[in-house]
Amino acid sequence: MMLRKLSGEKPAFVLPKGTVDTQMHMYLPGFPAQPGGPGLPPDPLPDAEAYRQVMGWLGIDRVVITQGNAHQADNGNLRACLAEMGDIARGVAVISGETSEAEMADLAAAGVVGARIMDLPGGALGLDALEAVDARAAAAGWMMAVQFDGNRILELEPRLAALKSRWVFDHHGKFFAGAGAAEIAAVKRLIDAGRCWFKFAGVYESSRTGAPDYADVAEVAREIATHAPERIVWGTNWPHNLAKTAAEYPCDKALTDTVLGWFPDAAARSRALVANPQELFGFPPVV
C-alpha cells in the first residue's frame with residue numbers, strides 16, 4: 001500500500017486558467033504490467049479519480065498522460081485513461097518503426113499526440129529507435145518525449161539536432177552527473193534550432209543536492225528558462241513512481257512551489273503552464 005497525499009494547502013503560486021500538467025502517469029484496473037517493465041505502482045492504483053483530486057488541489061485544468069514503463073509497448077491502459085479523462089487530456093504513447101498505420105490512426109483518435117523514447121532502465125524503447133520513431137512521429141504530426149542521461153548530450157547532439165519532429169527533453173535533462181557549461185550550451189543550441197523543448201518535471205530523480213531546494217537542478221533550470229521561456233513546459237510527474245514508501249513520497253504542493261519559483265517572472269511561468277504546452281501538445285487556446 002502507498003499513502004499518496006491528494007489534497008491539502010494550495011500552492012503559493014496560483015496556477016493560471018488552462019494550466020497543463022505535461023508529465024504524469026495514470027493506471028486503471030484491468031491492465032497488468034508487461035514483461036520488461038518495472039511493475040505497477042503500489043496499491044491503491046493511482047487512477048483517474050485520484051488524479052482529479054490532485055488537479056483540484058494544485059489548480060490543474062488539462063493533462064498529458066504519458067505511457068508508463070509498466071505497460072511497455074501495450075498502449076491499452078493509455079487509451080482507457082484518455083477515454084476516462086476526455087477532452088482535457090492528450091497522450092504520449094510508445095510506438096516503433098513497425099507500428100501499423102491503423103494503430104497510429106487508432107491512437108490519434110484516442111487523443112495521442114506524441115511518442116515516447118525512454119533510454120533508461122525499464123524503458124520500452126530507447127535511443128536505438130530514435131530515428132525510426134521520429135520518422136513516424138513527424139509523418140503523423142506528433143511530438144516526441146525523449147528521456148536519457150543528459151550527460152550524453154554532447155555525444156548525442158548531432159542525432160538530436162537532425163530530428164524532424166518537435167521534441168521535448170524530459171525531466172530537467174536527467175543530468176545524473178550534473179550539468180556544466182558545455183551541456184547547458186548544447187541544450188541551448190538544440191532549443192535555438194527550432195524543434196527542441198525542455199520539461200520541468202521530476203526534479204528529484206536527478207538532483208544530487210536534494211530537497212527542499214534541489215539547488216543543482218535549479219541552477220540549470222533558471223538559466224534555460226531565462227534563455228528560452230517560450231520553450232519550457234511543466235509537469236507534476238505524479239504519481240512519483242520512484243517513491244516506494246510513504247516516507248519517500250514527495251509533497252506535490254512543495255514541489256509545485258519550488259519548481260515554479262525557478263521561472264524569471266510571472267509571464268514566463270504562465271507561458272510554461274498554458275501557452276507553451278498548448279503549442280507543443282495541440283491543446284486548443286484558452287478562452
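The numbers attached to residues start from 1 for each chain and follow its sequence in the written order. pLDDT decides what is reported in this predicted model: residues at 70 or higher carry local features, side-chain atom pairs at 80 or more are listed and counted, and totals for whole chains, interfaces and linings draw on all residues regardless. Each side-chain value is worked out from all heavy atoms of the structure, with water and hydrogens disregarded.

Asks: Would you mind going over the sheet that holds strand β6 (residues 167–169) with me for this structure?
Replies: Backbone-to-backbone hydrogen bonds join strands into a sheet, with any given pair of strands oriented parallel or antiparallel. Strand order across the open sheet formed by eight strands is β1-β2-β3-β4-β5-β6-β7-β8, with parallel pairing between neighbours. Looking along the sheet, the strands with just one partner apiece sit at the ends: β1 (20–24) and β8 (232–234). For this sheet, the mean inter-axis angle between neighbouring strands, taken without regard to orientation, is 30 degrees. At least two bridges found by DSSP between two strands is the condition for calling them paired. A run of H or I in DSSP becomes a helix once it reaches four residues, and a run of E becomes a strand once it reaches two; helices and strands are each numbered from the N terminus. Across three bridges, strand β5 (residues 143–147) lies against β6 in parallel orientation. Within the sheet, the bridge partner assigned to Val146 lies in β6 and is Phe169. Across the sheet, helix α9 (residues 266–281) touches β1, β2 (62–66), β3 (89–93), β4 (112–118), β5, β6, β7 (196–200) and β8, and the angle it forms with β8 is around 105 degrees. Angles here are taken between N-to-C directions and fall from 0 to 180 degrees, while the axes themselves are lines fitted to C-alpha atoms, restricted in helices to the stretch in contact. Any two residues having at least one pair of non-hydrogen atoms within 4.5 Å are treated as being in contact.

Asks: Is there a simple way to explain the nonpolar core in this structure?
Replies: In globular proteins that are soluble, nonpolar side chains generally tend to be buried together. Residues belong to a common nonpolar core when they are buried Ala, Val, Leu, Ile, Met, Phe, Trp, Tyr or Cys residues joined through side-chain atoms within 4.5 Å. Burial classification: accessible surface area is computed with a 1.4 Å probe over protein chains only, and a residue below 20% of its type maximum counts as buried, one above 50% as exposed, and the rest as partly exposed. Counting residues in each nonpolar core, the largest one holds 77 residues, and the members touching the most others are Tyr51, Ile65, Met144 and Phe200. It is helix α1 (residues 48–58) that contributes the most residues to this core, seven residues altogether. If we skip the residues at most four places from it in the chain, Tyr51 touches Asp21, Met24, Met26, Ile60, Val63, Met85 and Trp238. Core analysis: the second largest hydrophobic core is formed by 12 residues, Val64, Val92, Phe281 and Phe283 among them.

Asks: Got a minute to help me understand helix α5 (residues 153–161) in this structure?
Replies: Within an α-helix, residues lying three or four positions from one another point in the same direction, as the helix has 3.6 residues per turn. The set of residues buried in α5 consists of Ile153, Leu156, Glu157 and Leu160. Down the axis of α5, the buried side of the element spans an arc of 135 degrees, and every buried residue falls inside it. Those residues of α5 that are exposed and aimed more than 90 degrees away from the buried face are Glu155 and Pro158. Packing partners of the buried residues in α5 comprise α4 (130–140), β6 and α6 (181–192). By construction, the arc corresponds to the directions joining the helix axis to the C-beta atoms.

Asks: Hey, could you run me through the pattern of salt bridges in this one?
Replies: Any two side chains of opposite charge can pair, on the condition that their charged atoms come close. Salt bridges are defined by distance alone: a side-chain nitrogen of Lys or Arg within 4 Å of a carboxyl oxygen of Asp or Glu. Within this structure, the stated rule accounts for 13 salt bridges. Arg136 is the partner of Glu101 in a salt bridge, and the nearest nitrogen-oxygen pair spans 3.1 Å. Taken together, the residues Glu101 in helix α3 (residues 101–110) and Arg136 in helix α4 connect sequence positions 35 residues apart. Arg136 gets classed as buried once you look at its relative accessible area, which sits at 12%. We note a salt bridge from Lys253 to Asp257, for which the minimum N-O separation is 3.1 Å. Of the two residues, Lys253 and Asp257 both sit in helix α8 (residues 252–260), four residues apart, roughly one turn of that helix. Side by side, Lys253 and Asp257 carry an identical accessibility label, which is buried.

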